[in-house]
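Per-entry structural report
Here is what each chain is made of, one letter per residue.
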Amino acid sequence: MILSRTARFYFSAVLAAALLVTLHAWSIFEPGQISWINFLLLAILAASTQLLKSEAPYAQVYHPSLVFFIAGILVLQPLGFIVLVLAAHAVELLKDSLINRQVKQEWYLQVFNAGMHIILGALARLLYLQINPDYSLIGTFNALVGIGIVACVYIALNHLMVGVAVVLTRRISWRESGVLDIENLGTDFVLAMFGYVSAILMSLNAWLILPAIAPLYLISRSLSVPELKHRAELDTK
């Protein structure tokens, strides 16, 4: 696919901002404070669920991995979150490139998605700290309010950024894209709040996150609803 000049500028701006965020995260990284068990568990789970994608209309894709991105914001250092996001998208890109030749031609979409989540993760962390300054207390009322607000902002910006990319690359209208549909936003909000619950469990014992991921199967099935509705609408025309 040949990108327009506007699309190239937009993608470049997102990647440049993600690079600046990464450089800042590197500058404040404290190796002595890293929890390897938290990082490894989240990385494995995020990469695994990134492969459980559900197709949506106009080449949009939804992933349950949002659960572990939100959890990563709360329990990992900024650089750890960035590595988590990059690992998940790298695994998906590798898998798709091996079975779908078209993906090789649209690799920049995966890079854009990773850059977008890196930016949103940094913004989410800053906003959360304004509401709940003590990062170690994630089971308090302030933390609950904070993550609720953060989830709304994260999801809204996520859908807006994806919407711009879809409109620019697919050359369709915002209404046709469906990125701002209440059902799509609501599904991601549920995933985000499930990520908060996962972070609380990890703060008690990292291994508690394993039985908590069982509902993700049902959630991943629900992510296919937008595409099914779109096909049903086409069949009735």
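Whatever comes next refers back to the structure up there.
Quantities reported herein were computed from a predicted structural model and do not represent experimental measurements. (Residues numbered from 1 in each chain as written. Predicted model: local features only at pLDDT ≥ 70, side-chain atom pairs only at ≥ 80, totals over all residues. Heavy atoms only, no water.)

As for a nonpolar patch on the surface
The line we're drawing: Surface patches are defined over residues having more than 30% relative accessible area and no salt bridge, joining like charges when they lie within 9 Å and nonpolar side chains (Val, Leu, Ile, Met, Phe, Trp, Tyr) when within 5 Å. Each accessible area is a Shrake-Rupley result for a 1.4 Å probe, and residues are judged covered by the shown protein chains and nothing else. Salt bridges are identified by distance alone: a Lys or Arg side-chain nitrogen within 4 Å of an Asp or Glu carboxyl oxygen. Secondary structure elements follow DSSP: runs of H or I no shorter than four residues count as helices, runs of E no shorter than two count as strands, and numbering proceeds from the N terminus. For every residue, the accessible area obtained with a 1.4 Å probe (protein chains only) is divided by the maximum for its type, and the residue is called buried under 20%, exposed over 50%, and partly exposed between those limits.
Together, Leu123, Leu126, Phe141, Leu144, Val145, Ile149, Val153, Leu157, Leu160, Trp174 and Leu180 line one region of the surface with nonpolar side chains, adding up to about 940 Å² of accessible area. Taken together, the elements giving at least two residues each to the nonpolar patch come down to helix H6 (107-131) and helix H7 (141-170). When residues of the nonpolar patch are assigned to their parent elements, the largest contribution, 7 residues, is made by H7. Looking at where leucine 123 falls in the secondary structure, it is placed in helix H6. Judged by its relative accessible area of 44%, leucine 123 is partly exposed.

Observations regarding H7
An α-helical segment advances 3.6 residues per turn. Residues three or four places apart therefore align on the same side. Note the threshold: Expected helix span is taken as 1.5 Å per residue step, with the number of steps being one fewer than the number of residues.
A rise of 1.5 Å per residue sets the reference length of H7, with its 30 residues, at 44 Å; its end C-alpha atoms lie 42 Å apart and thus fit the reference within 8%. Once H7 finishes, arginine 171 follows within two positions and takes phi at roughly 55°, a positive value.

A look at the packing of aromatic side chains
Defined as follows: Only Phe, Tyr and Trp rings are paired, with Trp represented by its six-membered ring, and only when their centres lie within 6.5 Å; those with planes under 30 degrees apart are stacked, over 60 edge-to-face, the remainder tilted.
Considering all chains together, one arrives at 6 aromatic pairs under this definition. Centre to centre, the rings of tyrosine 10 and phenylalanine 112 are 5.6 Å apart; their planes meet at 45°, and the pair counts as tilted. Taken together, the residues tyrosine 10 in helix H1 (residues 5-27) and phenylalanine 112 in helix H6 connect sequence positions 102 residues apart. A relative accessible area of 2% means that phenylalanine 112 is categorised as buried. Taken together, a centroid distance of 4.9 Å and an interplanar angle of 20° make the contact between phenylalanine 11 and phenylalanine 112 stacked. Taken together, the residues phenylalanine 11 in helix H1 and phenylalanine 112 in helix H6 connect sequence positions 101 residues apart. Each residue in the set Tyr10, Phe11 and Phe112 is aromatic and connected to the rest through ring pairs, giving one cluster.

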